[in-house]
Amino acid sequence: MAAILSVSGSPSPTSRTTRLLRHLDDRLRRQGHEVTPLDVRTLPPEALLGADFGHPAIVAAADLFARAEGVVIGTPVYKAAYSGLLKSLLDLLPQYALTGKTVLPLATGGSTAHVLAIDYALRPVLSSMGAAHIVPGWFTLDRDISDLATDVGSSPLAPAAAQALGLVTDQFSAALGGRTDALAATG
Ligand SMILES: Cc1cc2nc3c(=O)[nH]c(=O)nc-3n(C[C@H](O)[C@H](O)[C@H](O)COP(=O)(O)O)c2cc1C
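Residues numbered from 1 in each chain as written. Predicted model: local features only at pLDDT ≥ 70, side-chain atom pairs only at ≥ 80, totals over all residues. Heavy atoms only, no water.

Enquirer: Would you mind going over the site of the ligand with me for this structure?
Expert: Neighbouring the ligand are 16 residues; S15, T17, V77, H114 and D142 lie closest to it. The contact in question runs from an oxygen atom of the ligand to an N or O atom on the side chain of S15, over 2.5 Å. Within the backbone of G110, an N or O atom sits 3.0 Å from a nitrogen atom of the ligand. In isolation the ligand exposes 640 Å². Once the protein is present, 72% of that is buried. Residue assignment for the shell around the ligand shows that the elements contributing at least two residues are helix 1 (16–30) and strand 4 (102–109). Broken down by class, the residue content of the shell around the ligand amounts to four nonpolar, nine polar and three charged. (Near = heavy atom within 4 Å. Polar contact = N/O pair within 3.5 Å; in protein donor to acceptor, adjacent residues only side chain to side chain. Areas by Shrake-Rupley, 256 points an atom, 1.4 Å probe, with all protein chains shown as cover. Helix = DSSP H or I, 4+ residues; strand = E, 2+ residues; numbered from the N terminus. Nonpolar A, V, L, I, M, F, W, Y, C, P; charged D, E, K, R; others polar.)

Enquirer: Explain the nonpolar core to me, please; I cannot follow it from the model alone.
Expert: One recurring pattern in soluble globular proteins is that nonpolar side chains are buried together. Judged by nonpolar contacts, the single largest core of 28 residues is most densely connected at V7, F65, I73 and L89. When residues of this core are traced back to their parent elements, those giving at least two are strand 1 (3–8), helix 2 (45–49), helix 3 (56–67), strand 3 (70–76), helix 4 (84–90) and helix 5 (117–128). No other element matches the four residues that helix 4 contributes to this core. When residues no more than four places from it in sequence are discounted, the contact partners of F65 are L5, V7, L38, V71, I73, L89, L93, A97, L98 and K101. One finds L20, L28, L106 and I145 within the second-largest nonpolar core, a separate group that totals 17 residues. (Core = buried A, V, L, I, M, F, W, Y, C linked by side-chain atoms within 4.5 Å. Buried < 20%, exposed > 50% of the residue type's maximum accessible area, 1.4 Å probe, protein only. Contact = heavy atoms within 4.5 Å.)

Enquirer: Is there a simple way to explain the side chain of S15 in this structure?
Expert: Its location among the elements puts S15 in the loop between strand 1 and helix 1. A polar atom in the side chain of S15 sits 3.2 Å from the side chain of S10. Within the local environment of S15, its side chain forms a polar contact with the backbone nitrogen of T18, the two atoms lying 2.9 Å apart. Once you skip the residues sitting within four places of it in the chain, S15 turns out to touch S8 and S10.

As structure tokens, then:
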């Protein structure tokens with residue numbers, strides 16, 4: 001089906017955003033996609049903070065974007081916007097790194113006060129990078145995502161959050177030609 005890059009922009013070593021994304025990665029794989037995870041926090045800080053466009057790790061990350069047909073961008077809401085870590089990578093990519101790609105924007109946050117951060121903060125950045133199709137995104141409250149220690153091997157999401165995320169993920173998958181009916185047997 002499609003090559004999908006799944007990018008987490010959280011700096012946290014126990015990130016709920018990353019946990020949410022990796023759960024959705026599995027759903028997308030079951031629909032026939034080839035999913036590559038990318039945690040921005042694993043890239044060299046000196047390259048991200050020193051604007052080292054030619055650093056091999058940055059070049060490799062840019063290549064992952066170039067090869068993807070679909071991109072999931074996940075970020076925690078920090079100070080009413082996306083994380084600085086995510087922006088530090090996006091700033092090192094070519095201006096039109098998302099040209100022709102289908103993008104699913106996702107955010108997690110502690111308060112519904114910033115539920116629109118995807119639309120007023122992240123979406124304009126993705127548009128400026130040439131995204132062909134930004135499908136409806138979703139904001140998930142942090143309390144609806146369990147932490148790593150309590151939930152190994154099962155869904156990290158509260159039922160209502162899982163249902164909402166399943167819908168937006170399936171819309172993204174369908175836009176990429178995924179077999180969303182493949183989930184009927186697995187739930
Ligand atoms: C520095 C910092 C700033 C934050 N700012 C906001 C905010 O403005 N609005 C909000 O809803 N949540 C805010 N939060 C809460 C996080 O967005 C939320 O806990 C998120 O799920 C953390 O994701 P992570 O575990 O992937 O880092 C903030 C958290 C931190 C650490």
